[in-house]
Amino acid sequence: MTVGIPISRLWPDPAAEPLDDAALTALYRRADHPHLRVNFVASVDGAVTVDGYSAGLSGEPDKRVFGLLRMLCDALVVAAGTLRHEGYQAVRLSPRRRAWRREHGLAEYPTLVVVSGSLDLDPGQAAFADAPVRPVVLTHARATAPPGLVDVADVVPVGDDRVDLAAGLAELRRRGLGQVLCEGGPQLFGALTGTDLVDEVCLTVAPLLAGPGPGRITAGAAAAVRHLSLRHVLATTDGVLMLRYARA
């Protein structure tokens, strides 16, 4: 099925014909081992937001791949600040995508995982209150959960006074959540890079110049340079590029 603006493959094996959802699913397929994928959209000049939000960078093709990546993962990880700022809703999928997951032996919905050092979270936010699968909150031992949070989520301390991301990822894998998709934000991406936990980066480049001001897709303390190999380049008729990089 091809929806809206066509997406075609530029590299490898250039092909002009539009990619349907089955072809895109094959290109972004699940790994055969535990895997952490990061997905971001940015402008040509590197901005992660327009007017403070990522939605200004994301068009129909990006949203289509965004939805497919959610369909393919076991756990969807997001930082608490991004959850609040972007107003995350419950992680739900279309009937067709839920059927695909059932056919492939997966839970009907991925599990939302929120990373929060402060536990400044609203249990009434739809991401928690309307979740089809009980979310997981990764925090640390000194954080205190607000009233009602443990009623709607599993609050899991990983670390004594800060969130230990490696331990958190190990906990997710212990729960059977081996294919992990991270949607940010930049501080979380930077921390995952710093601890060498990132296996893959999917980057959509929007054909926009956002100008000075907005941050990059990554932030935080300096980290060692990590090398990734280009796996594919996709393009749309409205000038969007979709790049997929992974460990060699």
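Summarised in this report is the structure supplied together with it. All of these numbers come straight from a predicted model, not from anything done at the bench. (Residues numbered from 1 in each chain as written. Predicted model: local features only at pLDDT ≥ 70, side-chain atom pairs only at ≥ 80, totals over all residues. Heavy atoms only, no water.)

Where nonpolar side chains cluster on the molecular surface, the patch consists of Leu10, Trp11, Leu230 and Leu241 and spans about 330 Å² of accessible area. Structurally, the position occupied by tryptophan 11 is in strand E1 (residues 7-11). (Patch = residues over 30% accessible without salt bridge, like charges linked within 9 Å, V, L, I, M, F, W, Y side chains within 5 Å. Areas by Shrake-Rupley, 256 points an atom, 1.4 Å probe, with all protein chains shown as cover. Salt bridge = Lys/Arg side-chain N within 4 Å of Asp/Glu carboxyl O. Helix = DSSP H or I, 4+ residues; strand = E, 2+ residues; numbered from the N terminus.)

Glancing now at the sheet that holds strand E3 (residues 75-79). Strand pairs in the sheet, formed through backbone hydrogen bonds, run parallel or antiparallel to each other. With mixed pairing, the ten strands of this open sheet are ordered in space as E1-E9-E10-E8-E2-E7-E3-E4-E5-E6. Edge positions in the open sheet fall to E1 and strand E6 (154-157), since each of these has one partner strand only. Averaged over all pairs of adjacent strands, the angle between their axes in this sheet comes to 25°, without regard to strand direction. Where strand E2 (residues 35-43) lies against strand E8 (residues 200-206), seven bridges are found, and the strand directions are parallel. What sits directly across from arginine 37, in E8, is glutamate 200. (Pairing = 2+ DSSP bridges. Axes fitted to C-alpha atoms, helices over the stretch in contact; angles between N-to-C directions.)

A few words on the packing of aromatic side chains. The final tally for this structure, using the stated rule, is one aromatic pair. Arranged with centres 5.4 Å apart and planes meeting at 25°, the rings of phenylalanine 40 and phenylalanine 189 form a pair that is stacked. Here phenylalanine 40, found in strand E2, pairs with phenylalanine 189, found in helix H8 (residues 186-194); they are 149 residues apart in sequence, far enough to count as distant. Phenylalanine 40 gets classed as buried once you look at its relative accessible area, which sits at 7%. You can call phenylalanine 189 buried: its relative accessible area is 7%. (Phe/Tyr/Trp six-rings, centres within 6.5 Å; stacked < 30°, edge-to-face > 60°. Buried < 20%, exposed > 50% of the residue type's maximum accessible area, 1.4 Å probe, protein only.)

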